[in-house]
Amino acid sequence: MSAEPIIEVHDLCNRFGAQVVHQNLHLQLLRGEVLGVVGGSGTGKSVLLRSILGLRQPTSGQIRVFGEDLLNLPPARRARMERRFGVLFQRGALFSSLTVTENIALPLIEHAGLPRPAAERLARVKLALVGLPLEAGGKYPGELSGGMVKRAALARALAMDPEILFLDEPTSGLDPIGAGAFDQLLRTLRDALGLSVLLVTHDLDVLYSLCDRVAVLARQRVLVADRLERVAAFDDPWIRDYFHGPRGRAAERAAAGAPGSP
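Let us look at the structure shown here. Each chain carries its own residue numbering, running from 1 in the written order of its sequence. Given that the model is predicted, a residue must reach a pLDDT of at least 70 before its local features are reported, and side-chain atom pairs must reach 80 or more before they are shown or counted; all residues, however, enter totals for whole chains, interfaces and linings. Computation of side-chain values: all heavy atoms of the structure, hydrogens and water removed.

The rule for pairing is simple: two strands pair if DSSP sees at least two bridges between them. Labels follow the DSSP assignment, with helices taken as runs of H or I lasting at least four residues and strands as runs of E lasting at least two, numbered in each case from the N terminus. Ordered in space as β2-β1-β4-β5, the four strands form an open sheet in which the pairing is antiparallel. Each end of this open sheet is capped by a strand with a single partner; those strands are β2 (19-30) and β5 (68-69). Of the strand pairs in this sheet, strand β1 (residues 5-16) and strand β4 (residues 60-65) are connected by five bridges, and their pairing is antiparallel. Bridging across to β4, Val-9 finds its partner in Ile-63. What makes two residues a contact is simply this: any of their non-hydrogen atoms within 4.5 Å. Angles run from 0 to 180 degrees between N-to-C directions of axes, and those axes are lines fitted to C-alpha atoms, restricted for helices to the stretch in contact. Running at roughly 120° to β1, helix α1 (residues 45-53) makes contact with β1, β2 and β4 of the sheet.

Let us now look at the nonpolar core. Working definition of a nonpolar core: buried Ala, Val, Leu, Ile, Met, Phe, Trp, Tyr and Cys residues. They are joined through side-chain atoms within 4.5 Å. Here the term buried applies to any residue with accessible area under 20% of the maximum for its type, exposed to any over 50%, and partly exposed to those in between, with areas from a 1.4 Å probe on protein chains only. Counting 51 residues, the largest nonpolar core has Val-130, Leu-154, Leu-165, Leu-199, Leu-207, Val-214 and Phe-243 as the members making the most contacts within it. Considering every element that reaches this core, the biggest residue donor is helix α5 (residues 146-157), with six residues. Contacts of Leu-207, omitting those with residues within four sequence positions, involve Gly-36, Val-38, Thr-201, Val-214, Leu-228, Tyr-242 and Phe-243. Ile-6, Ile-63, Phe-85 and Val-222 belong to the second largest nonpolar core, which has 28 residues in total.

Bringing α1 into the picture now. Among the nine residues of α1, seven are classified as buried, and the element is accordingly described as predominantly covered. Turning to α1, its buried residues are Lys-45, Val-47, Leu-48, Leu-49, Ser-51, Ile-52 and Leu-53. Positive backbone phi, approximately 85°, marks Gly-54, located one or two places after α1.

Turning to its location among the elements, Thr-101 is positioned in helix α3 (residues 100-110). On the basis of relative accessible area, Thr-101 is assigned to the buried category, the value being 9%. Aside from chain neighbours lying at most four places away, what touches Thr-101 is Glu-120, Ala-123, Leu-127, Gly-137 and Gly-138.

Definition used for salt bridges: Asp or Glu carboxyl oxygen within 4 Å of a side-chain nitrogen of Lys or Arg. With the rule as written, the count across this model stands at 14 salt bridges. The partner of Glu-33 in a salt bridge is Arg-213, and the shortest N-O contact between them spans 2.8 Å. One end of the pair, Glu-33, is in the loop between β2 and β3 (34-39); the other, Arg-213, is in strand β9 (residues 213-218), and 180 residues separate them in sequence. Across this residue pair, the class does not change: Glu-33 and Arg-213 are buried. Arg-116 is the salt-bridge partner of Glu-120, the closest N and O atoms lying 2.9 Å from each other. One end of the pair is Glu-120 and the other is Arg-116, both in helix α4 (residues 116-129) and four residues apart, which spans about a single turn. Classification of Glu-120 as buried rests on a relative accessible area of 18%. Beyond isolated ion pairs, a larger network of salt bridges with shared partners links Glu-102, Arg-116 and Glu-120.

The structure is reproduced here in structure tokens:
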């Protein structure tokens, strides 16, 4: 992991009418790290993610990605920038009328201009990368289990060989075994592909097993962003309840007992 920031959010403000969701929000994603974003309901975790992705125009502030001002880039340059992103939405957001292979091939056809046969060959490579069998490519999303949908959506997020991976609640809806396997897959891919990852989650196991740093959203801003043990020690009521309640203690114990733990 490098100390070089590849995403820099400065003085971000997001308002919906009279409701202020973010005010004076600052955040950095460093190259090669996995940064987890947590916070209580209504703190604007998904709004922050959508702002960074360019899916929502903030009220004010600056978002720099790879040193460029994302909000003021000309459309063609912004489109090229966005090809360096991979996004896994909370429920997968696969097209139900397309097979898994067709879902993965679509960005390769639309954005990379590949002919369909070449795009589908690459799609099968991505399927193998995320641990799905070849026959899964011919199925429709409705025919897959929840864990397989997550992996298929991850394969599509990796289709364009992104440098930054954005994950919105990546283990939501998975059972503990499936969630643990998905965490392991993400760790392997991060290390193998050199990805930088920004993920929104409420899953304490994900924070302990996967994240290099954790950012806590509270009171319209990033309250603290640091290594998990320092965040957990931060003096704040929500942080105490979240990290030191029964689930937080269980996640910490599980992480401490995992192979390779100190």
